[in-house]
Amino acid sequence: MSSRITWFNRELIIYIFRTTGWIGFLSLVGLIFALPLKMLAIILNENNEYVEFENLFSCQQMIQFVLVIVIPVLLAIFLFRFLQMKQASDFIHSLPITRRSIYVHMIGTGIGFMGLPILLTGSILILFHSAIDIERLYTMTDIWSWMGTTFILETLIFSVAVLVGMVTGLSAFQGLLTYIFLALPVGLFVLFAANVKFLIAGFSADYYLSANMNGISPLLAATEMDKITFFSINTLIYSILTFLFLICSLFLYERRKLEHVSQAFVYPKIKPLFKFGLTLCMMLFTGLYFSETTGEPGWIFFGYAVGSLLGYYLGEIVLQKTWRIRVNLKGYVAFIVAIIVLALIIRIDPLQYKAKIPDEKMIRQIYIGDSPLFFEDDDTSKKAFNHLKEKENIEAIRLLHQEIIDKGKKVSIGEVNDGQSVFLMYELKNGKRLAREYHLQNYDSYMPLLAKIYESNEYKKMVNELLNVSAVDVSKIKITASGQVDKSITITDGQQLEAAVKALSEDLNNQSFTQMTSSFGDYASIEILLNNNKTIYMNWDSSYTQFSKWMESTDQYEKARLMADDISYILVAKTDSEFYHSKSESELAQQIEQQPNRMKIKTALEIETAIDNAQIDWGGEYSAAFYYKESRDVDIKSFSGEHVPGFILDHFNER
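Here is a short report on the structure shown in this document. Everything quoted here is computed from the prediction, not taken from an experiment.

### As for the pairing of strand β12 (residues 634-639)
Okay, step 1: With 6 of 6 residues buried, β12 lies mostly within the body of the structure.
Okay, step 2: Burial of β12 is two-sided: the residues Val634, Ile636 and Ser638 facing one way and the residues Asp635, Lys637 and Phe639 facing the other way are all buried.
Okay, step 3: Sheet topology places strand β11 (residues 622-628) next to β12; 6 bridges connect them, and they run antiparallel. Across the sheet, Ala624 pairs through a bridge with Lys637, a residue of β12.

Quick look at the structure:
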């Protein structure tokens with residue numbers, strides 16, 4: 001028997017086809033079902049003649065997603081399963097072939113099992129495209145882009161699964177760790193960003209979390225494959241990472257001890273990394289959970305303590321493969337000390353993150369709003385209206401920012417999600433950005449500064465799209481009465497459209513800061529259809545005096561808004577905030593009815609006054625249930641501050 005070591009080993013190839021060939025066949029069947037068969041069904045069905053796809057990833061997207069994230073992991077597990085089974089390991093390593101050649105055989109056939117189904121599926125699609133006029137479904141460019149992107153994603157996930165397989169001796173653990181590793185970049189960033197806001201006032205976790213981070217995790221990128229461009233920086237990075245992971249895997253395989261089967265980790269140095277990584281993730285996750293569910297600092301610290309202990313304990317269980325373990329408290333204490341030191345460094349803020357305000361000369365424009373979630377980050381022409389550029393507004397925002405920081409040294413900046421929010425986004429002339437978000441517990445003290453900004457013409461144009469269009473851009477206005485009332489009118493006459501737009505624009509320009517932030521007297525909703533098929537949505541409330549006068553002058557007032565005649569009666573009760581914020585609308589109406597000291601409003605004059613002063617939200621001092629004449633449904637509104645009608649104060653003896 002020859003003992004010569006050769007590069008190619010026939011026995012090994014047969015072994016690979018027997019153990020993993022079915023995965024490649026499964027991939028081929030899945031891809032054919034997802035694309036060629038679906039395309040054929042569309043082509044043969046005349047009712048689908050108008051079906052179109054953005055690209056090939058949009059066709060049977062869920063099936064393609066499952067195939068891309070499952071097939072490579074299965075291949076990696078079954079190709080290198082011999083490393084986790086003593087009998088198979090002995091057989092493979094007894095063959096007259098080096099470890100490097102074994103590795104090349106496994107990787108080569110694995111890439112072949114991924115690439116051939118993609119190539120065959122693409123060939124069928126090319127055949128369809130050549131034989132039938134189906135340009136509306138996909139182009140040749142779409143096919144090449146689909147083949148290339150799918151292959152790059154699968155090989156990257158495959159390389160990660162192979163790398164993980166080199167450090168573990170358990171197949172199931174290999175699969176689990178692969179998906180954790182793939183999602184880890186985004187997961188760690190989310191957990192870190194969501195927790196660091198408790199330590200640094202002004203840090204806007206929502207802004208960073210709202211950014212598209214799918215690209216940094218191939219697992220999440222696979223959920224939006226239709227948005228991946230083949231020739232992009234992401235696919236280039238994925239290709240480089242694939243190469244590096246495969247090289248690292250070979251390095252680890254050549255140094256792996258064969259007797260380390262059925263062990264969670266075959267390299268002892270990885271065990272502490274896994275244990276403390278799991279402890280950190282569990283600590284951040286439970287801290288985040290309690291911050292979102294309670295918002296109380298005490299509960300958040302409780303979450304940190306419980307999560308870190310649980311993570312440390314689970315780590316020991318996995319490593320020792322039994323739940324009956326002896327916990328090494330020295331390691332846990334060292335971890336806690338390290339976390340406390342890190343938290344103190346962040347809290348001390350050596351980089352002066354909390355006090356940083358850009359110099360006025362460096363600022364190109366600023367966005368201000370309640371939340372980063374409403375910040376529109378795009379490159380369209382619309383962006384020009386989303387920022388403030390005038391010198392007076394930039395000075396006012398810098399002054400507001402400085403006052404928030406100064407008062408924040410005392411008690412004003414909430415670190416939990418209570419109080420009103422202010423989000424600032426500076427865009428600097430050097431292209432950089434600086435984002436800050438504050439939850440202001442004493443919001444009222446900032447009202448004068450906020451009013452100066454919000455009542456400026458530039459800000460009003462930023463938040464009111466109607467102020468950026470002219471009457472000739474409007475094709476139709478539809479006004480629908482609020483509440484459970486079936487009334488609406490449509491305006492299409494050119495002169496009426498011009499007058500309506502003019503009146504609405506005047507009302508928007510005349511609005512005070514209080515009127516902009518709190519809506520009282522909800523009359524109707526307004527839909528303004530533009531010639532470019534875009535629609536502007538507005539609410540007609542009691543502060544729209546010019547528009548109300550114009551509607552009255554054209555005898556359309558009563559036909560389009562909620563009137564006293566539409567209301568049967570209104571029940572008013574004192575608000576118990578803890579109770580009312582935890583109930584549904586029907587439950588609240590029932591509770592208001594059962595209040596012994598409730599007030600019933602029935603006269604037309606008082607109902608009209610109540611409509612003019614009621615606010616949509618339920619945060620007022622008095623809650624009100626509106627009962628309609630033509631509907632059994634009930635609307636809940638509230639009254640607060642100076643908008644509480646005198647007859648309501650008289651009823652409750654509070655004037």
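### Section: helix α15 (residues 447-454)
Okay, step 1: Leu449, Leu450, Ala451, Ile453 and Tyr454 are the residues of α15 that are buried.
Okay, step 2: Packed against the buried residues of α15 are β1 (363-369), α14 (391-408), β3 (420-428), α16 (457-463) and α18 (513-517).

### Some details on the packing of helix α3 (residues 61-79) against helix α5 (residues 99-131)
Okay, step 1: Orientation of α3 relative to α5, taken along the N-to-C sense of each, is 150°, at an axis distance of 10 Å. One way to sum up the angle between α3 and α5 is to call them roughly antiparallel. Judged by the sense of rotation from one axis to the other, the crossing of α3 with α5 is right-handed. For the pair α3 and α5, contact is made by Pro72, Leu75 and Leu79 and by Met106, Thr109, Gly110, Phe113 and Met114, respectively.
Okay, step 2: By residue class, the composition of the contact of α3 with α5 is 6 nonpolar, 2 polar and no charged.

### Considering the side chain of Thr286
Okay, step 1: Topologically, Thr286 is positioned in helix α11 (residues 270-293).
Okay, step 2: Reaching out from Thr286, the side chain makes a polar contact with the backbone oxygen of Met282 at a distance of 2.8 Å.
Okay, step 3: Polar contacts involving the side chain of Thr286 include one to the main-chain carbonyl oxygen of Gly303, which spans 2.6 Å.
Okay, step 4: With residues up to four places along the chain from it excluded, the contact list for Thr286 reads Gly303, Tyr304 and Gly307.

### What about a nonpolar patch on the surface?
Okay, step 1: Nonpolar side chains collect at one region of the surface, where Ile233, Leu236, Ile237, Ile240, Leu241, Phe243, Leu244 and Ile247 lie side by side and expose about 740 Å² of accessible area between them.
Okay, step 2: Of note, Ile247 is situated in helix α10 (residues 233-255).
Okay, step 3: Looking at Ile247, the relative accessible area reads 44%, which means it is partly exposed.

### Thoughts on the nonpolar core
Okay, step 1: Ranked by internal contacts, the top residues of the largest apolar core, which has 76 residues, are Leu12, Met39, Phe80, Phe82, Tyr103 and Tyr138.
Okay, step 2: Considering every element that reaches this core, the biggest residue donor is helix α6 (residues 140-165), with 13 residues.
Okay, step 3: Not counting the four nearest positions on each side in its chain, Phe82 is found in contact with Tyr15, Ala88, Ser89, Ile92, His93, Ile102, Met106 and Tyr253.
Okay, step 4: Leu467, Ala564, Ile570 and Ala610 belong to the second largest nonpolar core, which has 52 residues in total.

### A short note on the pairing of strand β6 (residues 488-491)
Here is the key point about a regular strand: its side chains alternate between the two faces of the sheet.
Okay, step 1: The two faces of β6 differ: Ile489 and Ile491 on one face are buried, but Ser488 and Thr490 on the other face are not.
Okay, step 2: As defined by bridge partners, strand β5 (residues 474-481) adjoins β6 across 4 bridges and the pair is classed as antiparallel. Bridging across to β6, Ile477 finds its partner in Ile491.
Okay, step 3: In textbook terms, the turn of a hairpin is the stretch between consecutive antiparallel strands, and for β5 and β6 this stretch comprises 6 residues, one of which, Gly483, has a positive phi near 75°.

### Quick word on the sheet that holds β12
Okay, step 1: As summarised here, the arrangement of the 4 strands in space is β10-β9-β11-β12, forming an open sheet in which the pairing is antiparallel. For this open sheet the edge positions go to β10 (599-601) and β12, each flanked by a neighbour on one side alone. Recorded for the sheet is a direction-independent mean angle of 25° between the axes of neighbouring strands.

The rules behind the values
- Residues numbered from 1 in each chain as written.
- Predicted model: local features only at pLDDT ≥ 70, side-chain atom pairs only at ≥ 80, totals over all residues.
- Heavy atoms only, no water.
- Buried < 20%, exposed > 50% of the residue type's maximum accessible area, 1.4 Å probe, protein only.
- Helix = DSSP H or I, 4+ residues; strand = E, 2+ residues; numbered from the N terminus.
- Pairing = 2+ DSSP bridges.
- Contact = heavy atoms within 4.5 Å.
- Axes fitted to C-alpha atoms, helices over the stretch in contact; angles between N-to-C directions.
- Parallel < 35°, antiparallel > 145°, perpendicular 65-115°, else oblique.
- Left-handed = near helix turned anticlockwise from the far one by under 90°.
- Nonpolar A, V, L, I, M, F, W, Y, C, P; charged D, E, K, R; others polar.
- Polar contact = N/O pair within 3.5 Å; in protein donor to acceptor, adjacent residues only side chain to side chain.
- Patch = residues over 30% accessible without salt bridge, like charges linked within 9 Å, V, L, I, M, F, W, Y side chains within 5 Å.
- Areas by Shrake-Rupley, 256 points an atom, 1.4 Å probe, with all protein chains shown as cover.
- Salt bridge = Lys/Arg side-chain N within 4 Å of Asp/Glu carboxyl O.
- Core = buried A, V, L, I, M, F, W, Y, C linked by side-chain atoms within 4.5 Å.

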